Amino acid sequence: MLDIAHLSCAEMQAVNTPSPRLRQGALLVRAACALEIDARCCKTCRRLIVPGRGGIIMDAATRGRGFHVAGVIVLVAVVVAWLVLSIFAVTRQGTWADEAIYIIKSWRYVSGAVKPCSAADATLYLPLQFYWLGVWQWIAGHDIVTTRVLSLLVTAANIALLSAFLRRLGCSVWPIALAVIVYALTEDSVFYFNGASPYTYAVCLQLIALHLMLAMDGRASYPLAIGLGVVLTMAYFLRINLVSFIALSLAIAWARAGRDRWRVYVVTAAIFLVSWGILAWLLGTRFIHISLWVPLVTDFLVHAGILPELFPNAARFSSQIQIEQQPTLRALLEYAFGWEMWRDWMLGHHMLPMAAVVLAALVAMVPQIVNRGWMLLFVAAYCGMLVFHHLGAQTYCPICIQAYANYFDYLGALACGPAVHGLLQRFSFTFPVRAVSVVLIAAAIVTAAVQSWSLTGVNGCRRSDMALIRCRRR
């Protein structure tokens, strides 16, 4: 067979060359690279080429095919495990106060029993999530299990969106399998993503927005700009804390849209302002107040005297529900990021996504690693959203980061996927790096299982309503 160990990528791409031997070598290398077999990097264009002579190429291709097939089997097993756990969660797990409120309020909105943001509607939430759930209840039935089924279906779509995004970044099947574990197999993800809550819908909108921004690639057509504007507007009216993701999206669009960035900004602003104006006209002053209360941002503007006090009774309400207000900024930070808070409400529930972020940050330091920019972006976005959500909830629910982290845990999955794939590419799919990827997946499964057991199996506690808080305090 042809000796191609020392050919450059330019020579091997000459598929139309008159030489049958060179054409055969080029086709072999293309097939081998597609199978992700052992490879080295060409000094000319930094693309991967296959080392070896003669039959060694065919042996490597066989090994690469086996590794790929094993990865597909692992990914299928992970998805099946998620499906089994999700079906159990949808049909068997206990409900909690917020879920009951979401289900009842959604039906009251859609049935016309209550007008959103009216005097008869005590709420601090924007109405989109309730109409989303209410329409599903009108179709499938007004029941806890049937309402949860919608969350299961959207989570399945989220797994497909996350996998497709990583595939568009060039990730192979093993990194995608690890990302799915980080996103879907933790105890909190199984619990919240299969409940009648807004978390899985928020993740869906964020992943769709990321796909749209990835498609820009230096240009942003009007369909892309309109699509992104619609998705970001829906995210805002679904949950106002997603303003943090909207800010991230606008920053990404600045880099991805190139000269069309102002088209994206103008179209997005127009869609949002028209939608907000229509809703404000229909729903009245209370909607305006609710839609302007952004965690951290509104509080700062009120204290600075720029905005009026929209919620004058908020502090008194916090004291009535025994939330201790910290006297100084230093005291607030020491309490919010103290070891007890990290242990019980952040690491205790989200160790796996946080470990994935740390892994991505470390891998990004490796020289000549692919997708370094995306890794650092997801790491920075995860850390920023963690701080934003945690500090923004201190006035009304200091420990709610345990739930709110589900809005952005998927960023840990998006960060670790390119990290593992980058290692596989950087070190030429050698056996040690392949072994590391397998060990990481096994460690992630064990971590998720142990953490799930620790949260649900201690003292026979069941996680319904506020049982989690009582269990952790024991």
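Residues numbered from 1 in each chain as written. Predicted model: local features only at pLDDT ≥ 70, side-chain atom pairs only at ≥ 80, totals over all residues. Heavy atoms only, no water.

**Quick notes on the overall build of the chain**
The helix and strand tally for the chain stands at 22 helices and 2 strands. When burial is assessed residue by residue, the chain has 50% of its 474 residues classed as buried. Counted over contacts in the chain with a minimum sequence separation of 6, partners at least 24 positions apart contribute 73%. When the accessible surface of the chain is split by element, carbon and sulfur atoms take 68% of a total near 21,900 Å². (Helix = DSSP H or I, 4+ residues; strand = E, 2+ residues; numbered from the N terminus. Buried < 20%, exposed > 50% of the residue type's maximum accessible area, 1.4 Å probe, protein only. Contact = heavy atoms within 4.5 Å. Areas by Shrake-Rupley, 256 points an atom, 1.4 Å probe, with all protein chains shown as cover.)

**Considering empty space enclosed by the protein**
Following the criterion strictly, the structure yields 2 cavities of 30 Å³ or more and no others. The space that makes up the largest cavity amounts to roughly 40 Å³. Lining of the largest cavity is provided by Val182, Tyr183, Thr186, Ser189, Phe193, Pro353, Asn406 and Asp409. Partitioned by chemical class, the residues of the lining of the largest cavity number 4 nonpolar, 3 polar and 1 charged. (1 Å grid on protein atoms, 1.4 Å probe; cavity = no way out; pocket = protein on both sides within 12 Å on 5 of 7 lines; lining within 4 Å. Points joined across faces, edges and corners; volume = space filled by probe spheres on them. Nonpolar A, V, L, I, M, F, W, Y, C, P; charged D, E, K, R; others polar.)

**What about the nonpolar core?**
Core analysis: the largest hydrophobic core is formed by 122 residues, its most contacted members being Leu162, Leu210, Tyr410 and Leu414. Looking at this core, the element that brings in the most residues is helix H9 (residues 199-214), giving 12 residues. Setting aside anything within four residues of it in sequence, one finds leucine 162 in contact with Ala179, Val180, Tyr183, Leu207, Tyr410, Ala413 and Leu414. (Core = buried A, V, L, I, M, F, W, Y, C linked by side-chain atoms within 4.5 Å.)

**Comments concerning the packing of helix H4 (residues 97-111) against helix H5 (residues 128-140)**
H5 packs onto H4 with a crossing angle of 80 degrees between their chain directions and a minimal axis gap of 8 Å. Accordingly, the angle class assigned to the pair H4 and H5 is roughly perpendicular. Contacts between H4 and H5 involve Tyr102, Ile103, Lys105, Ser106, Trp107, Tyr109 and Val110 from the former and Gln129, Phe130, Tyr131, Leu133, Gly134, Val135, Gln137 and Trp138 from the latter. Here the contact of H4 with H5 is built from residues that sort into 10 nonpolar, 4 polar and 1 charged. (Axes fitted to C-alpha atoms, helices over the stretch in contact; angles between N-to-C directions. Parallel < 35°, antiparallel > 145°, perpendicular 65-115°, else oblique.)

**Considerations on the environment of leucine 124**
Mapped onto the elements of the fold, leucine 124 is located in the loop between H4 and H5. C-alpha of leucine 124 to C-alpha of isoleucine 290: the two residues are 166 residues apart in sequence and 5.9 Å apart in space.

**So, the state of the cysteines**
Defined simply, a disulfide is a covalent bond joining two cysteines at their sulfur atoms. Tallied over the entire structure, the rule returns 1 disulfide. Residue pairing for cysteine 397: its cysteine sulfur links by disulfide to cysteine 400, the two sulfurs lying 1.8 Å apart. Looking along the S-S bond of the cysteine 397-cysteine 400 disulfide, the torsion reads about 70 degrees, which is the right-handed sense. For the pair shown, cysteine 397 and cysteine 400 are each scored as buried. No disulfide involves cysteine 416; its sulfur sits 9.0 Å from the nearest other cysteine sulfur, which is in cysteine 171. (Disulfide = S-S within 2.5 Å.)

**Overview of the packing of helix H11 (residues 243-256) against helix H18 (residues 372-392)**
Interhelical geometry of H11 versus H18 gives an angle of 155 degrees and a closest axis separation of 10 Å. Overall, the two elements H11 and H18 adopt an arrangement that is roughly antiparallel. The chirality of how H11 crosses H18 is right-handed. Residues Val243, Ser244, Phe245, Leu248, Ile252 and Arg256 of H11 touch H18, and the partners they reach there are Trp374, Leu377, Ala381, Met385, Phe388 and His389. Tallied by class, residues from the contact of H11 with H18 come to 9 nonpolar, 2 polar and 1 charged. (Left-handed = near helix turned anticlockwise from the far one by under 90°.)

**A few points about the side chain of asparagine 406**
Structurally, asparagine 406 can be placed in the loop between helix H19 (401-404) and helix H20 (410-426). Relative accessible area serves as the criterion here: at 1%, asparagine 406 is assigned to the buried category. Setting aside residues no more than four positions away along its own chain, asparagine 406 makes contact with Asp188, Ser189, Tyr192, Phe193, Tyr199, Val203 and His350.

**A word on the packing of aromatic side chains**
On inspection of all chains with the given rule, the structure shows 27 aromatic pairs. Between tryptophan 96 and phenylalanine 191, the ring centres sit 4.8 Å apart and the planes meet at 35 degrees, which makes this aromatic pair tilted. You can see tryptophan 96 sitting in the loop between helix H3 (55-92) and H4 and its partner phenylalanine 191 sitting in helix H8 (residues 187-192), a full 95 residues away along the chain. Taking the relative accessible area as the measure of exposure, tryptophan 96 reaches 10% and is therefore buried. When the ring of tyrosine 102 is compared with that of phenylalanine 130, the centres are 6.2 Å apart and the planes differ by 45 degrees; the resulting orientation is tilted. Within this pair, whereas tyrosine 102 is found in helix H4, its partner phenylalanine 130 is found in helix H5, the two being separated by 28 residues in sequence. Residue classification places tyrosine 102 among the buried positions, given a relative accessible area of 3%. The aromatic ring of phenylalanine 130 is capped on one face by lysine 105, whose charged end is 5.8 Å from the ring centroid. Looking at arginine 261, its charged tip hangs above the ring of tryptophan 254, at a distance of 4.2 Å from the centre. (Phe/Tyr/Trp six-rings, centres within 6.5 Å; stacked < 30°, edge-to-face > 60°. Lys NZ or Arg CZ within 6 Å of the ring centre and 35° of its normal.)

**Some points on H4**
Taking 1.5 Å of rise per residue, the 15 residues of H4 would be expected to cover 21 Å, and the 21 Å separating its terminal C-alpha atoms lies within 8% of that figure. Buried within H4 are the following residues: Glu99, Tyr102, Ile103, Lys105, Ser106 and Tyr109. Here the buried face of H4 lies against H5 and helix H6 (144-168). Backbone geometry just downstream of H4 places glycine 112 in the positive-phi region, at approximately 85 degrees. (Expected span 1.5 Å × (residues − 1).)

All we've got here are geometric facts, nothing functional implied.
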